[in-house]
Amino acid sequence: MEEQSIFNTELSDLSKNHILSAAKWSRFLGIVGLILVVIVLFISASMLISWEEIIDSLSTVASSNPALEQLEQIESLPKSLFLVAVLLIIAIIVFMAILYLRVGRNGVSYYSSNEESAFLSTFRSAKTLFMVYAIFTVIGIAVSIIQLFALL
Amino acid sequence: MENESILSNQKKEALQECAKWARFYAIASFVSVAINLLSAVFSGGSNPLGMASVLFITVLGSSITIASAILLYSFHKHTTVAIESGDNHSMDRALYNFRWYFGLMGIILIVAFSFVCIAMFFLNLAAA
């Protein structure tokens, strides 16, 4: 008798519980990600308001400590560049948080309804998460290799 | 019946794709840890205290990265076995690793946030 594939039947209760647990953790990560966005927005707004004071204090620190003289370059940093960097960081965090929330929502939905579409959405969102992390890791590796060669 | 078979294939495909990227991310993480450890050794400089602190931070970060990479790699390994053999036990193990990857990330986040809160509390105390 031919053994029936697990994909033609339902997953075991244990597997479903694992998906539910992963979904709950993922939802938590997504919510924390969105809270982080609010914190980043708040900090960036306060930095933009007191931009001149921050630049002045960084220049003072840089001039008093020769090891930190690279900080003096911040004086020439335009406000718009800082704004672009902050917006980019926020966009990345929001994107990741949405993916985590999607894994969470669909995982819980699969546990309760056993719908195939929820299963597919859970793992497709997880795939995108791993893909984005992998791309960032590869970029990080490239930067580290360049730094390593600069040190040697 | 045919429709059911197509849907099952979709399930397999989604899991396989997810596991494939999980493996790629895990391998990239292993490489990243190796390079970071090398960078830490070379960038420590002549100051032993500086070198020790850089190494400590790198080893701490690397342990977390390795733990998550092992979970993702195991997820890929067991998913592949489950898809090839239709074994329910392998599927359980694969999803166990998938679950603990997210669990580990959540726990690390809680610990990191706790440290930030404690640091902010002491900074406020010192400022006052």
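Preceding block: the structure.
Residues numbered from 1 in each chain as written. Chains lettered and ligands numbered in written order. Predicted model: local features only at pLDDT ≥ 70, side-chain atom pairs only at ≥ 80, totals over all residues.

### Brief notes about the overall build of chain B
Applicable threshold: Numbering of helices and strands runs from the N terminus, with a helix taken as a DSSP run of H or I at least four residues long and a strand as a DSSP run of E at least two residues long. Only C-alpha atoms enter the radius of gyration; for comparison, a globular chain is expected to reach 2.2 Å times N to the power 0.38, where N is the number of residues. Here exposure depends only on C-beta density: within 10 Å of a residue's C-beta, 20 or more other C-beta atoms make it buried, 12 or fewer make it exposed, and intermediate numbers make it partly exposed, the C-beta atoms being placed from the backbone.
Looking only at helices and strands, chain B has 3 helices and 0 strands in total. Counting from the amino terminus, chain B carries its helices and strands in the arrangement α-α-α. Relative to the 2.2 N^0.38 estimate, which gives 14 Å for 128 residues, the radius of gyration of chain B is 21 Å and therefore markedly larger than a compact globule would have. The buried share of chain B, taken over its 128 residues, is 29%.

### Regarding the environment of L20 of chain A
All names here are of chain A. Let me state the cut-off plainly: We call two residues in contact whenever the C-beta atoms placed from their backbones are within 7 Å.
Locating L20 in the fold gives a position in helix α1 (residues 13-49). Given 17 C-beta atoms within 10 Å, L20 falls into the partly exposed group. Between the C-alpha atom of L20 and that of S112, which follows or precedes it by 92 residues, the distance is 9.1 Å. Setting aside chain neighbours within four positions, we find L20 in contact with G107, V108 and Y111.

### A short note on the packing of α1 of chain A against helix α3 (residues 88-127) of chain B
Note the cut-off: Only the stretch in contact is used when fitting a helix axis, every axis being a line fitted to C-alpha atoms; angles between N-to-C directions are given from 0 to 180 degrees. Each angle receives one of four descriptions, namely roughly parallel if under 35 degrees, roughly antiparallel if over 145, roughly perpendicular if within 65 to 115, and oblique otherwise. When the near helix sits turned anticlockwise from the far one by under a right angle, the crossing is termed left-handed; a clockwise turn instead gives a right-handed crossing.
Contact pair α1 of chain A / α3 of chain B: the axes reach a minimum separation of 8 Å and the direction vectors enclose 25°. On the basis of the axis angle, α1 of chain A is roughly parallel to α3 of chain B. As α1 of chain A packs across α3 of chain B, the resulting crossing turns out to be left-handed. For the pair formed by α1 of chain A and α3 of chain B, the contact residues are L14, S15, H18, I19, S21, A22, W25, S26, F28, L29 and V32 of chain A on the first element and M91, D92, L95, Y96, F98, R99, F102, G103, M105, G106 and L109 of chain B on the second.

### Regarding the nonpolar core
Heads up, the condition is: Nonpolar cores are built from buried Ala, Val, Leu, Ile, Met, Phe, Trp, Tyr and Cys residues. These are joined into a set through C-beta atoms within 7 Å.
With 41 residues, the main nonpolar core has F130 of chain A together with C18, A22, Y25, L72, F75 and Y101 of chain B as its most contacted residues. Where this core is concerned, the elements lending two or more residues are α1, α3 (79-113) and α4 (116-151) of chain A together with α1 (2-43), α2 (48-85) and α3 of chain B. No other element matches the 9 residues that α1 of chain B contributes to this core. In this structure, F75 of chain B is in contact with A19, A22, A94, N97, F98 and Y101 of chain B, ignoring residues within four places of it in sequence.

### Quick look at α2 of chain B
Since the α-helix advances by 3.6 residues per turn, residues separated by three or four positions end up pointing in the same direction. The test is simple: Given the number of residues in a helix, its expected span is that number minus one, multiplied by 1.5 Å.
If you check α2 of chain B, its first and last C-alpha atoms are 54 Å apart, about what 38 residues at 1.5 Å a residue would give, namely 56 Å. Phi turns positive, to about 70°, at G86 of chain B, one or two residues after α2 of chain B.

### Quick look at unusual backbone geometry
One non-glycine residue, N114 of chain A, lies in positive phi territory at about 65°. In this structure, N114 of chain A sits in the loop between α3 and α4.

### So, the packing of α3 of chain A against α4 of chain A
Residue and element names in this part refer to chain A. Running from N to C, α3 and α4 cross one another at 155°; their axes reach a closest spacing of 8 Å. With respect to each other, α3 and α4 are oriented roughly antiparallel. The chirality of how α3 crosses α4 is left-handed. Between α3, through M96, L99, R102, V103, N106, G107, S109, Y110 and S113, and α4, the contact on the second element is made entirely by A118, F119, S121, T122, S125, A126, T128, L129 and V132.

### Considering the interface of chain A and chain B
The condition that has to hold: In this classification, Asp, Glu, Lys and Arg are treated as charged, Ala, Val, Leu, Ile, Met, Phe, Trp, Tyr, Cys and Pro as nonpolar, and every other residue, Gly included, as polar.
Facing 39 residues of chain A, the contacting portion of chain B comprises 37 residues. Contributions of two or more residues to the side of chain A that touches chain B are made by α1 and α4 of chain A. A per-element tally of the side of chain A that touches chain B places α4 of chain A first, with 20 residues. A breakdown of the residues in the side of chain A that touches chain B according to their chemical character gives 24 nonpolar, 11 polar and 4 charged.

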